[in-house]
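Residues per chain are reported as follows:
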Amino acid sequence: MNASEFSSLLQESESINTAQTSALKNVLTDFPYFQSARALYLKGLKNQDSYNYNTELKITAAYTTDRSILFDYITSTAFNQNLISKTQQKLQAQQKLNNENTSHDLDHITSDFNNVLDPNLFEEKSETSAEENLELGKPLEFNTQEKHSFQEWLKLTSISTINREEEKEGKSTTESTKTLSNIELIDKFISEKPKIIPAKKSVNLKSLTQEKTFNSEELMTETLAKVYLEQKNYKKAIQAYRILSLKYPEKNSFFADRISDIEKIEITNTK
């Protein structure tokens, strides 16, 4: 990929295709700190609904100094433009189908009545797997209100922020210096024999537990449940869907199916 092609992608990132995404991956192999290339590569994976997107999101976070900027980017309208476009097209197609069905309902009443006795209507449908139902590996969808879910996703990763500056001193030297410093502090404390003088005036202590309390159910979202699921933290995922079931009783059946699918996967992985 040359400079002109890269500049073109910066201006029209919504049109990144599979070949361009592969080319961006090669660029990152040679220039891992190329931030704009990482952003475009992440966008390309999102456009393709790639199963590599979730992992790449962690890696991009490791190379990003300010992760709030990364969060703003992946929740922006420009980043999710393809998803929004697909959703609009789906709604338009559904509306068109509904209109067509409404206009032809009367014509099909008789034929539907005659087809009730057709034995093919009662054939058993093929069941989808638990993995397919849970859409494992599908790119996680964060919105602007889900900073907690995003932080949970990054907190569970073993990848830490990368520092470009290499340490000049080895680990053993650092540890020995730290140990020596601690010994000096202890010697100084013993020689000076400091005394702790109690305060004359009483100080009113506030209970921080009361001021900083929050309801965990308020932070629970379907995205956070999927985060736990992608991290294979099945117990937390099940608990998350149980909370969501209480939070949104109208979707109780849907969440119950998700819990059932997770339990199936959990049993399979523990064998």
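Up top you'll find the structure we're talking about.
1. Observations concerning the packing of helix α4 (residues 53-62) against helix α5 (residues 67-74)
Running from amino to carboxyl end, α4 crosses α5 at an angle of 145 degrees, the nearest separation of the two axes being 9 Å. For the element pair α4 and α5, the recorded crossing hand is right-handed. For the pair α4 and α5, the contacting residues are Tyr53, Leu57, Thr60, Ala61 and Ala62 in the first and Arg67, Leu70 and Ile74 in the second.

2. Focus on helix α2 (residues 18-30)
When the terminal C-alpha atoms of α2 are compared, their 19 Å separation across 13 residues agrees well with the 18 Å that a helix rising 1.5 Å per residue should span. Within the sequence span of α2, burial applies to Thr21, Leu24, Val27 and Leu28. The buried residues of α2 occupy an angular sector of 110 degrees when projected down its axis, which confines them to one face. Set apart from the buried face of α2 by more than 90 degrees, the exposed residues are Ala19, Thr29 and Asp30. Here the buried face of α2 lies against α1 (3-11) and α3 (35-47). The N-terminus of α2 is capped by Asn17, whose side-chain oxygen sits 3.2 Å from the backbone nitrogen of Ala19.

3. Looking at the nonpolar core
Residues Leu57, Ile74, Phe142, Phe150 and Ile262 are the most contacted members of the largest nonpolar core, which totals 42 residues. Apart from residues no more than four positions distant in its own chain, Leu57 is found in contact with Leu42, Leu70, Ile74, Phe142, Phe150, Trp153 and Leu154.

4. Quick look at the packing of helix α12 (residues 222-230) against helix α13 (residues 234-247)
Here α12 crosses α13 at 165 degrees, and the two axes come no closer than 7 Å. With respect to α13, the axis of α12 lies roughly antiparallel. Here the hand of the crossing between α12 and α13 comes out left-handed. For the pair formed by α12 and α13, the contact residues are Glu222, Ala225, Lys226, Tyr228 and Leu229 on the first element and Tyr234, Lys236, Ala237, Ala240, Tyr241 and Leu244 on the second. Counted by class, the contact of α12 with α13 contains eight nonpolar, no polar and three charged residues.

Reading the values: rules and limits
Residues numbered from 1 in each chain as written. Predicted model: local features only at pLDDT ≥ 70, side-chain atom pairs only at ≥ 80, totals over all residues. Heavy atoms only, no water. Axes fitted to C-alpha atoms, helices over the stretch in contact; angles between N-to-C directions. Helix = DSSP H or I, 4+ residues; strand = E, 2+ residues; numbered from the N terminus. Left-handed = near helix turned anticlockwise from the far one by under 90°. Contact = heavy atoms within 4.5 Å. Expected span 1.5 Å × (residues − 1). Buried < 20%, exposed > 50% of the residue type's maximum accessible area, 1.4 Å probe, protein only. Arc of directions from axis to C-beta. Polar contact = N/O pair within 3.5 Å; in protein donor to acceptor, adjacent residues only side chain to side chain. Core = buried A, V, L, I, M, F, W, Y, C linked by side-chain atoms within 4.5 Å. Parallel < 35°, antiparallel > 145°, perpendicular 65-115°, else oblique. Nonpolar A, V, L, I, M, F, W, Y, C, P; charged D, E, K, R; others polar.

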